[in-house]
Amino acid sequence: MRKTLAAAIALFVGISGAVAQDMRGQPVADRPRSDYDPVGLRAGGFLVLPSIAVEASYDDNIYAQESRKDDDYIFIIAPKLLIRSDWNVHYMEFHAAAELGRHHDFTAEDYDDYQAGLEGRLDIAQGWSATATSDYRRAHDERGTPSDAGGREPTEYDMVYSALGLNRTETRITLRALGTMTYYNYDDTPGAGATIIDQDFRDRTEYAGSVRLGYEFMPDVNTFIQGNLNWRDYDSGNRDSDGYRLDTGFAFDFGGITTGEIYAGYRSQTYDSPGFSSQSGFSYGGSLLWNPSGLTSVQLSLINDLNESTLAGASGYISNGASLQIDHELRRNVLIGGRIGYTENDYRGLDRLEKMWTAGAKADYLLNRSLRLGVSYTLTDRSVNVTGQDYTRNQVLLSLRGSL
């Protein structure tokens, strides 16, 4: 029976050994291209990969408003440095990046985002490895997002992330354990006139631990169960909570042509404040990568998450969404793609429902190993059951990236 099922699935996805070997589990845009990938600089057992992008963007609604629409041009410089090991066993990586945005007219929207971090993997024994990650980020809340405070300037924040993991692979029984800590520190932002919008109530530390146990019950198909615990500790104490999530599902890899996973389960979050009721219910998620040919990739994702909220009276909001992305290789050095997505944000404790559609298209032209041209377009359309909260936004981006 299992052999018959495996043969039927293989026939459905159209597995071809020759094609699968070239693109196993990789979408078109992420595949290595030996003729156009940067070679980097050798430094002993490490490879140094520096790059810088110069970008120009047009946004027809920079404040994401319904009635008052202000447009502007934004000029962006984005340097990046990646240093990674080139060892037979173990792995180490250092990465640093920045994005400096300058607006032509509305200079209060200027931003300086940057980040730096370390990642490492220790190969303990056959199939066993331990991982560690540490990352720092200085960023800002995008206009029109659920976390936007609506100030005269974007809200800036610091984030510190660290993680320790243990993995077992290369056997029929697999294990993935991960513990994380994330700290957020938000700056107050200028409001109307001389007022200041206090953002200290958002400062918090989030702890999480997860374990995923899988079993390959037939070739290329793995069933798994995964559990997650979380603790959200606010400096002010007014939004402290803890919760758990338990899911079970299937992961599959049919020759690298069709890969993905789908899962479902139950989620619960309990708040210390009597003003916030506990949230619990059905949870789900999934992702799919289908490579119908060596030149085309189709990616589908499903999300269901409980997120923190900045709105008074709301304990959080549940995001349900789906997205579809298609990438195609016109030529070895010409890539095009399109994306469409839909998300609903349902706020708990408030009568607020946000519905957001996003759509976009992009094209990349790889001139050589060092230079890459890109153009993209993004449409965002949000509707809310609150008067004056809807908006539509169009963004166009031109970029030139140089790499060594």
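I will try to describe carefully the structure that is included in this document.

Analysis parameters
Residues numbered from 1 in each chain as written. Predicted model: local features only at pLDDT ≥ 70, side-chain atom pairs only at ≥ 80, totals over all residues. Heavy atoms only, no water. 1 Å grid on protein atoms, 1.4 Å probe; cavity = no way out; pocket = protein on both sides within 12 Å on 5 of 7 lines; lining within 4 Å. Points joined across faces, edges and corners; volume = space filled by probe spheres on them. Nonpolar A, V, L, I, M, F, W, Y, C, P; charged D, E, K, R; others polar. Pairing = 2+ DSSP bridges. Helix = DSSP H or I, 4+ residues; strand = E, 2+ residues; numbered from the N terminus. Polar contact = N/O pair within 3.5 Å; in protein donor to acceptor, adjacent residues only side chain to side chain. Contact = heavy atoms within 4.5 Å. Buried < 20%, exposed > 50% of the residue type's maximum accessible area, 1.4 Å probe, protein only. Lys, Arg positive; Asp, Glu negative; His and termini not counted. Salt bridge = Lys/Arg side-chain N within 4 Å of Asp/Glu carboxyl O. Core = buried A, V, L, I, M, F, W, Y, C linked by side-chain atoms within 4.5 Å. Phe/Tyr/Trp six-rings, centres within 6.5 Å; stacked < 30°, edge-to-face > 60°.

The volume enclosed by the second largest pocket comes to roughly 510 Å³. Forming the boundary of the second largest pocket are 25 residues, of which Gln-65, Asp-148, Ala-149, Gly-150 and Gln-389 lie nearest the centre. Taken together, the residues that form the lining of the second largest pocket break down as six nonpolar, 10 polar and nine charged.

The next thing to look at is the pairing of strand β21 (residues 391–403). Pairing of strand β2 (residues 46–59) with β21, which is carried by nine bridges, proceeds in the antiparallel orientation. From the neighbouring strand, Val-54 faces β21, where its bridge partner is Leu-400. Alignment of strand β20 (residues 371–384) against β21, held across 12 bridges, turns out to be antiparallel. Bridge pairing in β21 links Thr-378 to Gln-395.

Looking at the element boundaries, Thr-189 is found in strand β9 (residues 189–190). Within the structure, Thr-189 has its side chain in polar contact with the backbone oxygen of Glu-153 (distance 2.9 Å). Setting aside chain neighbours within four positions, we find Thr-189 in contact with Ala-149, Gly-151, Glu-153, Pro-154, Thr-155, Ile-196, Ile-197 and Gln-199.

Enumeration according to the criterion identifies one cavity of 30 Å³ or more in this entry. By volume, the largest cavity is sized at about 30 Å³. Around the largest cavity, the lining residues are Ala-29, Asp-327, His-328, Leu-335, Ile-336, Lys-362, Asp-364 and Arg-372. Those elements that place two or more of their residues in the lining of the largest cavity are β17 (316–331), β18 (334–348) and β19 (353–366). Class assignment for the residues of the lining of the largest cavity results in three nonpolar, one polar and four charged.

Examined against the element boundaries, Glu-55 turns out to sit in strand β2. This buried residue, Glu-55, is left without a salt bridge; Arg-401 holds the nearest opposite charge, at 5.0 Å. Ignoring anything within four residues of it in the chain, the contact list for Glu-55 reads Ile-74, Phe-75, Ile-76, Leu-397, Leu-398 and Ser-399.

The next thing to look at is the nonpolar core. One finds Ala-139, Tyr-157, Met-159, Tyr-184 and Tyr-186 forming the largest nonpolar core, which totals five residues. Counting only elements with at least two residues in this core, the list comes to β7 (156–168) and β8 (173–186).

Below, the discussion takes up the pattern of salt bridges. Applying the stated criterion across every chain yields a total of 22 salt bridges. Asp-59 is the salt-bridge partner of Arg-393, the closest N and O atoms lying 2.8 Å from each other. With Arg-393 in strand β21 and Asp-59 in strand β2, this residue pair connects regions lying 334 residues apart in the sequence. Asp-148 serves as the salt-bridge partner of Arg-143, at 3.4 Å between the closest nitrogen and oxygen. Through salt bridges with shared partners, a single ionic network connects Arg-138, Glu-156, Asp-158 and Asp-187.

This part is about the packing of aromatic side chains. Taken as a whole, this structure holds 15 aromatic pairs when the rule is applied. Pairing Phe-46 with Trp-87 gives two aromatic rings, centres 5.4 Å apart and planes at 75°, and the pair type is edge-to-face. Of the two residues, Phe-46 sits in strand β2 while Trp-87 sits in the loop between β3 (72–85) and β4 (91–103), which places them 41 residues apart along the sequence. Pairwise contacts between aromatic rings join Tyr-157, Tyr-184 and Tyr-186 into one cluster.

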